[in-house]
There are 2 protein chains.
Amino acid sequence: MTEAVSRPTLEAVAARAGVSRATVSRVVNGGDGVRAPLAERVRRAVEELGYVPNQAARSLVTRRHDAVAVVVAEPESRVFADPFFALQLRGIGKELTAHDNQLVLLLTEGRADHTRVARYLAGGHVDGALVFSLHLDDPLPGLIRDAGVPTVFGGRPHWSADTGAPDPGVVYVDCDNRGGARAAARHLLDLGRRRVAHLTGALDQTSAVDRLDGYRDAVAEVPGAYDPRLVVEGDFTPAGGERAMRELLARCPDVDAVFAANDLTALGALRVLRESGRRVPEDVAVAGFDDMAPVAEQTDPPLTTVRQDIEGMGRLMARLLLEGLSGGRDRERTTAGGPGARGKGVILPTTLIRRASA
Amino acid sequence: MTEAVSRPTLEAVAARAGVSRATVSRVVNGGDGVRAPLAERVRRAVEELGYVPNQAARSLVTRRHDAVAVVVAEPESRVFADPFFALQLRGIGKELTAHDNQLVLLLTEGRADHTRVARYLAGGHVDGALVFSLHLDDPLPGLIRDAGVPTVFGGRPHWSADTGAPDPGVVYVDCDNRGGARAAARHLLDLGRRRVAHLTGALDQTSAVDRLDGYRDAVAEVPGAYDPRLVVEGDFTPAGGERAMRELLARCPDVDAVFAANDLTALGALRVLRESGRRVPEDVAVAGFDDMAPVAEQTDPPLTTVRQDIEGMGRLMARLLLEGLSGGRDRERTTAGGPGARGKGVILPTTLIRRASA
């Protein structure tokens, strides 16, 4: 444990530079009104003494901490197991670093810890928060609203009867989940497949619900394609994809195409199809969602999937928050979400990427 | 962006409970001297109004934030690519959650961001820091010392001429890198192998240097076993292991055993050995270090390796820090490190785990 050692003080810097304490404070905090030669002397003294301005004191003046919290509403183990979060954090990290803001990742073991997260957010340690992977009935949005910190959500938040009316000021970034899913399912139908199944994501998340809606849009257009037994619930993980695919084969052995709610689910489905002796795409065509590097390119066969720019979504969330903090937020609050979206959403486009699996 | 909405104030709680503001403050901040029935009324009012105490104000009284920073001195991309960090964070997370402390992971893009990390640490946002994966000449230990926050290091920090004398108060947790490496190399020699190679880790980290020393201890005991060409530098990643193994095969095609500095390096080595048509263990025996789940069990063949308790190391780091913060640190400052260790280290034991690869 490093003992608290004496750090060079503001007074020491003032003495070294031969100026007043107030002058040092103004220079250190980026204030105006100090003549250039004086400011230069202060800066030299700061450097020579290795003075680190006390952020708490500085933020009393600037009201900024130059730090942004990231909260992933998933247990810490999930955050590290799913490359989606690493990609999103990479985008956030790049944007924050470019603006010399510290990324403060608040990890939790589970939902029971969300009150503690809200307490940290309310405690004045960060300028704002980026929150993603919300689940239905998660108390986090309400807790964050009460904490009063500017927030941008990744993924459209739920607005259920329980959580009350949407906060009209909420900003979120999402991809076109419904449109992308519709394109994937349509592609499978266009291949001439007539028993097109869907392995869903975790249905307590809006992304999973929206992708299911997109799948339904597509099968509704083809007479005879809709069969509720072809929809099996997964949870966005490879293990969930395996379970759902086994269930699907037991229910509908005549399935000839599968649209999986994400690439990790498709990964699990491919394993079970191989085990069962079915060829992909000859017997069963498979499509995923995300185009997550390196997963989608390395499956056997390589995966046809719906690309969304995960890293770019992270960057955009960070940019919207920082612009909001510096007062320019209204410029970026442009696109409204699709049907059912409330609050202010920026919806990023998706693209179907064709590989060997469908 | 959530607008700052009016949060229930201390005054509102006082009014609801019919007590003074000072009484509410005392109850909320865990102070004594409030009669039980009054305290109960305050607690009920807090609950009914959903009052969240302002952490900044509270910490002025308690001087605690109930938050601990974790700093991994690696780029964010590496933190998510190497399961070692996830395991260590899991241990830390469990211990902090058990004590209702928030885990604050400070991510960086690289060494250039370490000054910003130190600024955040100095800013009074956390009670202490857990720091791991330090590299030689990293300015972080010095910056952290200057920030004056209590710190426990994961892995023995470097003390070079540049960074000056060790801070006698430094506490670190490490595993017995040298002893474990010695056991692995000895095991390969005991199998009758005489061309036992070592693929090192990143040699700007003490763990890699200590493992190299352990390998040298073992080969020094067997006449004729020492050959400097059998040592090739890696970097603790699978890609580094592949490169080093290719280099090794080019230099010493007669190699009959490989001790890799960690399991990920062994993973890369196994790939190259397979490509080159060599059988493991018949032609070349292979051992790793870490016994990292699930890597070591899922290699082909399963990997003989040196087990260290990575999650336990994380837990212990967190426990030592929390005990230090509550004033009980001297009890736990027990074991001194091995030869060459300075500062106060707790060294955890390692165990050789035999599987099919050696």
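Higher on the page you've got the structure.
Residues numbered from 1 in each chain as written. Chains lettered and ligands numbered in written order. Predicted model: local features only at pLDDT ≥ 70, side-chain atom pairs only at ≥ 80, totals over all residues. Heavy atoms only, no water.

1. Observations regarding the layout of surface pockets
The gaps left among the atoms become clear once a water-sized probe is rolled over them.
And then number 1: Roughly 1700 Å³ of internal volume is contained in the largest pocket.
And then number 2: Forming the walls of the largest pocket are 39 residues, and the residues nearest its centre are A:Phe80, A:Ala81, B:Phe80, B:Ala81 and B:Pro83.
And then number 3: At the level of secondary structure, the elements contributing two or more residues to the lining of the largest pocket comprise helix H5 (76–81), helix H6 (83–98), helix H12 (263–275) and helix H13 (295–298) of chain A together with helix H5 (76–81), helix H6 (83–98), helix H12 (263–275) and helix H13 (295–298) of chain B.
And then number 4: Counting residues per element, the lining of the largest pocket draws most heavily on H5(B), which supplies 5 residues.
And then number 5: Partitioned by chemical class, the residues of the lining of the largest pocket number 25 nonpolar, 6 polar and 8 charged. (1 Å grid on protein atoms, 1.4 Å probe; cavity = no way out; pocket = protein on both sides within 12 Å on 5 of 7 lines; lining within 4 Å. Points joined across faces, edges and corners; volume = space filled by probe spheres on them. Helix = DSSP H or I, 4+ residues; strand = E, 2+ residues; numbered from the N terminus. Nonpolar A, V, L, I, M, F, W, Y, C, P; charged D, E, K, R; others polar.)

2. What to know about the side chain of A:Thr206
And then number 1: Within the secondary structure, A:Thr206 sits in helix H10 (residues 206–220).
And then number 2: For A:Thr206, the contacting residues outside a window of four places in its chain are A:Arg156, A:Pro157 and A:His158. (Contact = heavy atoms within 4.5 Å.)

3. Focus on the pairing of strand E1 (residues 67–72) of chain A
All names here are of chain A.
And then number 1: Most of E1 sits inside the fold, with 6 of its 6 residues counted as buried.
And then number 2: Residue alternation in E1 divides its side chains into two sets, Ala67, Ala69 and Val71 and Val68, Val70 and Val72, and both sets are buried.
And then number 3: In this sheet, strand E2 (residues 102–107) lies alongside E1 in parallel orientation, the contact comprising 5 bridges. Along E2, the bridge assignment pairs Val70 with Leu105.
And then number 4: Here E1 runs beside strand E3 (residues 128–132); their pairing, made up of 5 bridges, is parallel. Each bridged residue has a counterpart across the sheet, and for Ala69 the counterpart in E3 is Ala129. (Buried < 20%, exposed > 50% of the residue type's maximum accessible area, 1.4 Å probe, protein only. Pairing = 2+ DSSP bridges.)

4. Brief notes about the sheet that holds strand E9 (residues 285–290) of chain B
Residue and element names in this part refer to chain B.
And then number 1: The strand order E7-E6-E8-E9-E10-E12 describes an open sheet built from 6 strands, whose pairing is mixed. At either end of the open sheet lies a strand with only one pairing partner, and these are strand E7 (231–232) and strand E12 (351–353).
And then number 2: Across 2 bridges, strand E6 (residues 196–199) lies against E7 in parallel orientation. Bridge pairing in E7 places Leu199 opposite Val232.

5. Structural notes on the packing of helix H11 (residues 238–251) of chain A against H12(A)
Residues and elements named next belong to chain A.
And then number 1: Following both chains from N to C, one finds H11 and H12 inclined at 45°, their axes separated by 7 Å at the closest point. Relative to H12, H11 is oriented oblique. When the axes of H11 and H12 are compared, the crossing they make is right-handed. Within the contact between the two elements, H11 uses Pro238, Gly241, Glu242, Met245, Arg246 and Leu249 and H12 uses Leu264, Thr265, Leu267, Gly268, Ala269, Arg271, Val272, Leu273 and Glu275.
And then number 2: Of the residues assigned to the contact of H11 with H12, the class counts are 8 nonpolar, 3 polar and 4 charged. (Axes fitted to C-alpha atoms, helices over the stretch in contact; angles between N-to-C directions. Parallel < 35°, antiparallel > 145°, perpendicular 65-115°, else oblique. Left-handed = near helix turned anticlockwise from the far one by under 90°.)

6. Structural notes on the environment of A:Val131
And then number 1: Among the secondary structure elements, A:Val131 is positioned in strand E3.
And then number 2: Separated by 62 residues in sequence, A:Val131 and A:Ala69 have C-alpha atoms that sit 8.3 Å apart.

7. Quick look at the pairing of strand E8 (residues 257–260) of chain B
All names here are of chain B.
And then number 1: Neither face of E8 is exposed, since Ala257 and Phe259 on one face and Val258 and Ala260 on the opposite face are all buried.
And then number 2: Sheet topology places E6 next to E8; 4 bridges connect them, and they run parallel. Bridge pairing links Val196 to Ala257 in E8.
And then number 3: Pairing geometry for E8 and E9, over 3 bridges, is parallel. In the sheet register, Phe259 faces E9, and the bridge partner there is Ala287.
And then number 4: Chirality of the crossover, the property in question, places the unit of E8, H12 and E9 among those that are right-handed. (Right-handed = clockwise from strand over helix to strand, strands pointing away.)

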